[in-house]
Amino acid sequence: MRMLPFRIAFSTRAVADLHRRIDATRWPAMPFGTGWSAGTDDAVLRSLVRYWRTGFDWFEVQERLNRHAQLRGPLGDPEGELHCFLFAPGPDAGDVAPFPLLLLHGWPGSFIELLPAAELLSRGAGGGPAFEVVVPSLPGYGFSDAPPEPGMHPGRIAERMHALMRALGYERYGVQGGDWGAVIGSRLTAAHPEAVAGLHLNFPVLPRPPADAVLTPEESEWWATQEEWRAREGAYGAVQGTKPQTLAYGLNDSPVGLLAWILEKFRGWSDHDEDLWDLFDRDAVLANVTLYWLTGKVLSAARTYYEARHEEPPYRPPDRIETPTAYAHYPAEPWAAPRAALDRSYHLVRWSEMERGGHFAAMEQPEPFAEDVASFFATLA
């Protein structure tokens, strides 16, 4: 069974239902302002919801997405169908076969955050070579099926991504990932070093060092900071890693609740000034949230956290991934790690200090992101 061309085709009825639910929102009482200190800012959310209801046009987004080639198919296994976007260089790219790249998203993102960078890479970002770029919906996200049974942990997702690249005819390819994409990309690279020519990360995937490990002062400070951050900001991960199903009943029934849950992360993990919309395109953020809503993938996406915590047997990462690895260090990335920590776990051949950017780097500044990815893989292609 092979993958077939795919087009996004939500109905006016589906969008009308979204609008009806927005109109029927039961807003909580806010007798005093707290800004973002206790969660999503009420005034910012209400303003964005008004725009979502009256100014945002899903069908314009849908038409724009459908201009890109897409495939969907089962890959010959029982774990559900996978969806992906394909970006091929234009006819003026030259006679050399373009090198394939696999770009992997995470949560609360989707393929939407990676498409602008994918398009730039297929055209030759920063004057570099043009690549063939594959941007999948991870299992349980976007237009890929929700897993039919428990156990779709990052290792199994990595195997599905490798099977996707094989199904598309790629024997050797590069991998880029942030957030869960970095976790999955690292698992894929460790499992299939013969296939992955290089790994580019903008998110560190680091096992906690043993108690007797000799760390640099910078590493020790970073691990302490991570503990403090997790206590202050990590409630979302604790909930999604332990009781995602309970949470999903609310988020899958209330579009405003879903928007508030995701918007807080875009605000908290990105490199913005006071106005979030000086950094992000409102339509892009709303397209991402609307995708979660219309596909009904709230629970299956959140379960990535649960499956990662409950993998059996527990995953033991390799001492070091020896595949050439690049790391783009973004100043506003909450998990941005010191170089010494990355060097312990990866064969780090490139370290890029990015001028600005955060967790959603490909969406915040697609041009510098794409240029850094292109510059690294140009040396390996």
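Before reading on, note that the structure itself is shown above.
Residues numbered from 1 in each chain as written. Predicted model: local features only at pLDDT ≥ 70, side-chain atom pairs only at ≥ 80, totals over all residues. Heavy atoms only, no water.

*Asks:* How should I be thinking about the sheet that holds strand S6 (residues 173-177) in this particular structure?
*Replies:* Strands belonging to one sheet form pairs held by backbone hydrogen bonds; the direction of such a pair is parallel or antiparallel. Strand order in this open sheet of 9 strands is S1-S2-S3-S5-S4-S6-S7-S8-S9, and the pairing throughout is mixed. Edge strands, defined here as strands with exactly one partner in the open sheet, are strand S1 (4-5) and strand S9 (346-353). Judged from the 3 bridges that link them, strand S7 (residues 196-201) and strand S8 (residues 321-329) form a sheet pairing that is parallel. By the bridge assignment for S8, His200 is matched with Ala326. (Pairing = 2+ DSSP bridges. Helix = DSSP H or I, 4+ residues; strand = E, 2+ residues; numbered from the N terminus.)

*Asks:* Could you clarify how one ought to interpret the pattern of salt bridges in this entry?
*Replies:* Close approach of charged atoms allows side chains with opposite charge to pair. One pass over the structure, following the stated rule, counts 25 salt bridges. Residue Arg46 is joined to Asp42 by a salt bridge in which the shortest nitrogen-to-oxygen separation is 2.8 Å. With Arg46 and Asp42 both in helix H2 (residues 42-54) and 4 residues apart, this pair spans about one turn of that helix. Ionic pairing is found between Glu219 and Arg344, a salt bridge with its closest N-O pair at 2.6 Å. Residue Glu219 is found in helix H7 (residues 217-233), and its partner Arg344 is found in helix H13 (residues 339-345); the two are separated by 125 residues along the sequence. (Salt bridge = Lys/Arg side-chain N within 4 Å of Asp/Glu carboxyl O.)

*Asks:* I would appreciate a short explanation of empty space enclosed by the protein in the present structure.
*Replies:* If a probe as big as a water molecule is rolled over the atoms, it shows which places are left empty. Evaluated as defined, the whole model comprises 2 cavities of 30 Å³ or more. Roughly 120 Å³ of volume is contained in the largest cavity. Along the wall of the largest cavity there are 17 residues; nearest its centre are Glu113, Leu114, Gly178, Asn202 and His359. The residue inventory of the lining of the largest cavity, partitioned by class, reads 8 nonpolar, 7 polar and 2 charged. For the second largest cavity, the calculated volume is near 50 Å³. Lining the second largest cavity, in full, are Trp107, Gln240, Leu251, Leu258, Trp261, Ile262, Tyr292, Val298, Ala301 and Ala302. (1 Å grid on protein atoms, 1.4 Å probe; cavity = no way out; pocket = protein on both sides within 12 Å on 5 of 7 lines; lining within 4 Å. Points joined across faces, edges and corners; volume = space filled by probe spheres on them. Nonpolar A, V, L, I, M, F, W, Y, C, P; charged D, E, K, R; others polar.)

*Asks:* How should I be thinking about the layout of surface pockets in this particular structure?
*Replies:* A volume near 1300 Å³ is recorded for the largest pocket. Element by element, the count of residues in the lining of the largest pocket is highest for H7, at 6 residues. Tallied by class, residues from the lining of the largest pocket come to 22 nonpolar, 6 polar and 8 charged. Its volume calculated, the second largest pocket comes out at about 520 Å³.

*Asks:* Help me out: how do you make sense of the pairing of S8 in this one?
*Replies:* Two faces make up the sheet, and in a regular strand the side chains alternate between them. Most of S8 sits inside the fold, with 7 of its 9 residues counted as buried. In the sheet, S8 pairs with S9 via 7 bridges, with the strands oriented parallel. Its bridge partner lying in S9, His329 is registered against Glu353. With H13 bridging S8 and its parallel neighbour S9, the resulting β-α-β unit is right-handed. (Buried < 20%, exposed > 50% of the residue type's maximum accessible area, 1.4 Å probe, protein only. Right-handed = clockwise from strand over helix to strand, strands pointing away.)

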